[in-house]
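# Descriptive analysis of the structure
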Amino acid sequence: MLDRVLIFDTTLRDGEQAPGFSMNAVEKLEMARQLAKLGVDVIEAGFPISSEEDFEATREVAKQVGTVEGSPMICGLSRVGLADIDRCWEAVKYARRPRIHTFVATSDIHLKYKLRKTRAEVLRAAQEAVRHARGYCENVEFSPEDASRSDFDFMCDVLEAVIEAGATTINIPDTVGYAIPREWGERIARIRERVKNVDRAVISVHCHNDLGQAVANSLVGVMNGARQVECTINGIGERAGNASLEEVVMALRTRKDIFGIDTRVKTEEIFRASRLLSHITGIHVQPNKAIVGENAFAHEAGIHQDGVLKEKLTYEIMRPEDIGRSSNRLVLGKHSGRHAFRVRLKELGFDLDDTESDKAFKRFKDLADKKKEIYDEDLIAIVKDEMTQLQETYSLDYLHFVSGTGLIPSATVRLKKEEELFQDSGVGDGPVDAVYNAIDAITGLKGRLLDYALRAVTSGKDAIGEVTVRVDFDGTVLIGKGSSTDVIEASARAYLNAINRVVLPVAQKLKEVGP
Ligand code: KIV
Ligand code: ZN
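Note on numbering: residues in each chain are counted from 1, in written sequence order. Labels are handed out in written order, letters beginning with A for the chains and numbers beginning with 1 for the ligands. Whole-chain, interface and lining totals are the exception, using all residues; otherwise, since this is a predicted model, local features are given only for residues with pLDDT of at least 70 and side-chain atom pairs are given and counted only at 80 or more. Here the side-chain values reflect all heavy atoms present in the structure, with hydrogen atoms and water set aside.

## Points about the pattern of salt bridges
For this document, the term salt bridge refers to a Lys or Arg side-chain nitrogen within 4 Å of an Asp or Glu carboxyl oxygen. This model, assessed by the stated rule, comprises 40 salt bridges. One salt bridge connects Glu27 with Arg501, and the closest N-O pair in it is separated by 2.3 Å. Remark: Arg501 occurs in helix H18 (residues 487-503) and Glu27 occurs in helix H2 (residues 25-38); sequence separation between them is 474 residues. The exposure classification of Glu27 matches that of Arg501, with both residues buried. With a closest N to O distance of 2.8 Å, Arg194 and Asp157 form a salt bridge. Here Asp157 lies in helix H7 (residues 152-165) and Arg194 lies in helix H8 (residues 181-194), a separation of 37 residues in the sequence. Residue classification places Arg194 among the partly exposed residues on the basis of a relative accessible area of 27%. The structure contains a network of salt bridges with shared partners spanning Asp153, Asp157, Glu160, Arg194 and Lys196. Segments assigned H or I by DSSP are reported as helices when at least four residues long, segments assigned E as strands when at least two residues long, and all are numbered from the N terminus. For the exposure calls, accessible area comes from a 1.4 Å probe over protein chains only, and a residue counts as buried if that area is under 20% of its type's maximum, exposed if over 50%, partly exposed in between.

## Structural notes on the packing of helix H14 (residues 338-347) against helix H15 (residues 354-370)
One can describe the packing of H14 onto H15 by two numbers: an axis separation of 11 Å at closest approach and a directional angle of 110°. Here H14 is positioned roughly perpendicular relative to H15, judged by the angle of their axes. Of the residues in H15, those touching H14 at Arg338, Phe341 and Arg342 are Asp354, Ser357, Asp358, Ala360, Phe361 and Phe364. Residue type decides the class: Asp, Glu, Lys and Arg count as charged, Ala, Val, Leu, Ile, Met, Phe, Trp, Tyr, Cys and Pro as nonpolar, and the leftover types, Gly among them, as polar. Partitioning the contact of H14 with H15 into residue classes produces four nonpolar, one polar and four charged. Here, axes are lines fitted to C-alpha atoms. For helices the fit covers the stretch in contact, and angles between N-to-C directions go from 0 to 180 degrees. Between 65 and 115 degrees an angle is taken as roughly perpendicular, under 35 as roughly parallel, over 145 as roughly antiparallel, and anywhere else as oblique. It only takes one pair of heavy atoms within 4.5 Å for two residues to be counted as in contact.

## Let's talk about the coordination of the zinc ion (ligand 2)
Here the coordinating atoms are restricted to nitrogen, oxygen and sulfur within 2.8 Å of the metal centre, or 3.2 Å for Na, K and Ca, and because water is not among them the sites may look incomplete. Taken together, the protein ligands of the zinc ion (ligand 2) are Asp14 (OD), His206 (NE2) and His208 (NE2), with distances of 2.0 to 2.1 Å. Ordering the donors of the zinc ion (ligand 2) by residue number gives the pattern D-x191-H-x1-H. Here His206 matches His208 in class, with each residue buried.

## As for the nonpolar core
Counting residues in hydrophobic clusters, the biggest one holds 89 residues, and the most contacted among them are Ile7, Met31, Leu38, Ile43, Phe142, Ile170 and Ile191. Here this core takes nine residues from H7, the largest share from any one element. These domain limits were set by an automatic method or by a database of domain assignments. For this core, the two domains that each supply at least three residues are domain 1 (6-281) and domain 2 (297-327). What Ile170 contacts, discounting residues up to four positions off in sequence, is Phe142, Leu159, Val162, Ile163, Ile191, Val198, Ala201, Val202, Ile203 and Ser204. We define the nonpolar core as a collection of buried residues of types Ala, Val, Leu, Ile, Met, Phe, Trp, Tyr and Cys that are connected through side-chain atoms lying within 4.5 Å of one another. Ranked by size, the runner-up nonpolar core spans 25 residues in total, among them Leu396, Leu415, Val432 and Tyr495.

## With respect to unusual backbone geometry
Even without being glycine, Arg239 reaches a positive phi, approximately 50°. By secondary structure assignment, the location of Arg239 is in the loop between strand E8 (228-231) and helix H10 (245-254). Even without a glycine there, the phi angle at Ile291 is positive, about 70°. Residue position: Ile291 is located in the loop between helix H12 (270-281) and helix H13 (302-310).

## What about the sheet that holds E8?
Pairing between the strands of a sheet is mediated by backbone hydrogen bonds and can be parallel or antiparallel. Here, any two strands with at least 2 DSSP bridges between them count as paired. Taken together, the eight strands give a closed barrel; going around it, the order is E1-E2-E3-E4-E5-E6-E7-E8, and neighbouring strands pair in parallel fashion. Between one strand and the next, the sheet's axes are offset by a mean angle of 25°, whatever the strand orientation. Here strand E7 (residues 202-207) runs beside E8; their pairing, made up of three bridges, is parallel. Its bridge partner lying in E8, Val205 is registered against Val229. Contacts between helix H3 (residues 52-64) and the sheet are confined to strand E2 (42-46) and strand E3 (73-79), with E2 contributing the most and set at about 150° to the helix. The strands touched by H10 are strand E1 (6-9) and E8; relative to E1, the strand with the most contacts, the crossing angle is about 170°.

## Observations concerning the side chain of Asn497
Within the secondary structure, Asn497 is located in helix H18. With a relative accessible area of 4%, Asn497 lands in the buried category. Definition of a polar contact: a pair of N or O atoms within 3.5 Å, with one able to donate and the other able to accept a hydrogen when the atoms are protein atoms, and with sequence-neighbouring residues admitted only if both atoms are side-chain atoms. At 2.8 Å, the side chain of Asn497 forms a polar contact with the backbone nitrogen of Lys481.

## Points about the site of ligand 1
With respect to spatial proximity, the complete set of residues near ligand 1 consists of Arg13, Asp14, His101, Phe103, Ser143, Glu145, Asn171, Pro173, Thr175, His206 and His208. Here an oxygen atom of ligand 1 and a side-chain polar atom of Asp14 are 3.1 Å apart. Within the side chain of His208, an N or O atom sits 3.0 Å from an oxygen atom of ligand 1. Across the complex, the protein chains shield 94% of the 260 Å² of accessible surface that ligand 1 would expose by itself. Listing elements by their share of the shell around ligand 1, those giving two or more residues are helix H1 (11-15), strand E4 (98-105), strand E5 (140-145) and strand E6 (169-174). In terms of residue class, the shell around ligand 1 is made up of two nonpolar, six polar and three charged. If even one non-hydrogen atom of a residue comes within 4 Å of a molecule or strand, that residue is called near it. Using the Shrake-Rupley algorithm and a 1.4 Å probe, accessible areas are obtained, with residue cover drawn only from the displayed protein chains.

## A word on the sheet that holds strand E15 (residues 465-473)
The three strands lie next to each other as E14-E15-E16, forming an open sheet whose pairing is antiparallel. Only two strands of the sheet have a single partner each, and these edge strands are strand E14 (448-456) and strand E16 (476-484). Taken over all neighbouring pairs, the strand axes of this sheet differ in orientation by 15° on average, direction set aside. The sheet contact formed by E14 and E15 spans eight bridges and is antiparallel. Within E15, the residue paired with Arg448 across the bridge is Asp472.

Structure follows, in structure tokens:
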């Protein structure tokens, strides 16, 4: 049995499937690069047959991330249909270490109402699928969907048959989040006793969080012999989500005395991965989320603060640095130079070229004029904003708006496109609406705002505001982000960011973000 737990990240597949979390190929690539830095063992990049876009995204992750020395395995999901498997292989085959993950339901509920197949038919399809996949690659994973509600003996017969056909990992999913830790642990232990050839495959667990047990079930799976855990950053996923990667990894590490086994995840990259995902999807974790929530390391009660000041061990079981989290340190100010700025950015994981660095430095100086104290979070916000803007067709050149009690809000906007300037104005039922109408007048696009969220990046009245919008352009729904100390400017940047995603085709973007 393996002497460590493999981390199979399915943020880009099961996570991305959840409403509000969809990512395009460019975003998946950015996330996949961070997952590789994090040191996960497997990246499940998508479900290639599900759409052309998912196929392309999986293929690009395989080509651009999976070909780098020491990169994680790149996996694609497929049903047991042979055409599904062919399509999956077409997407993952570029990776140095590709994996095909095929699945079929084994519970009677699914067989009767969804698949309308007999147990014998399902067993045969599963075995044929794995044999077919093994024709393509050495690394094949099989999942009996709805395992927690499947007849135990039938599920074990299927597992034995697929291992016989060449499955190298058998993944046991609690698809509907129904299992309770003790019974789940027993189920994994009993699989090890009942499936004769089980030693030829790695046992994996894949737990959903409908009853809030996903992480507990994953850990109890490990205690009973599972050596792969399937999980997602921030616990995103169908319905209540999947087991959260950061919680599983930090529990194994912090309580090694109990589990006696660890992962190879570089935990100092956890916080960055969590924030990157929030930035890409525009959905932030709740403040009290374990490990990565805003309050996860904040000691508020006087008695706790007193204890921590005397000795951190009194109330701290992990250090913020263990997950790569700085303590909101004051870093730079008005008089900081270009060198210090660049060094700090490098420490934060941003390796900018000269053009990017110059632009970001200018934004930093502008910010330093407005805001006395500049924190890491501020730097991250402006650099992310600048890096996004560099790929933009339209950029904001000038903005003026008037609003107030008894006034009709109006705005004038000037945009730059390929060195040419375009100006127009608009009115609206608020300053944001007026600005968006002015932008629509210039670009000729009419976006329908589905969602608008504003968040302060740090504390204080002078904090940077980060705006995330979800905009519908004739049926294409896109997310846009922008930040500034002026929330109307941040709103304009966010809307423009969404517009730039419409006007720049994905194929072109893929080229731009190539290695
Ligand atoms: O939850 C589930 O059953 C799945 C399978 C495809 C593994 O996501
Ligand atoms: Zn799942």
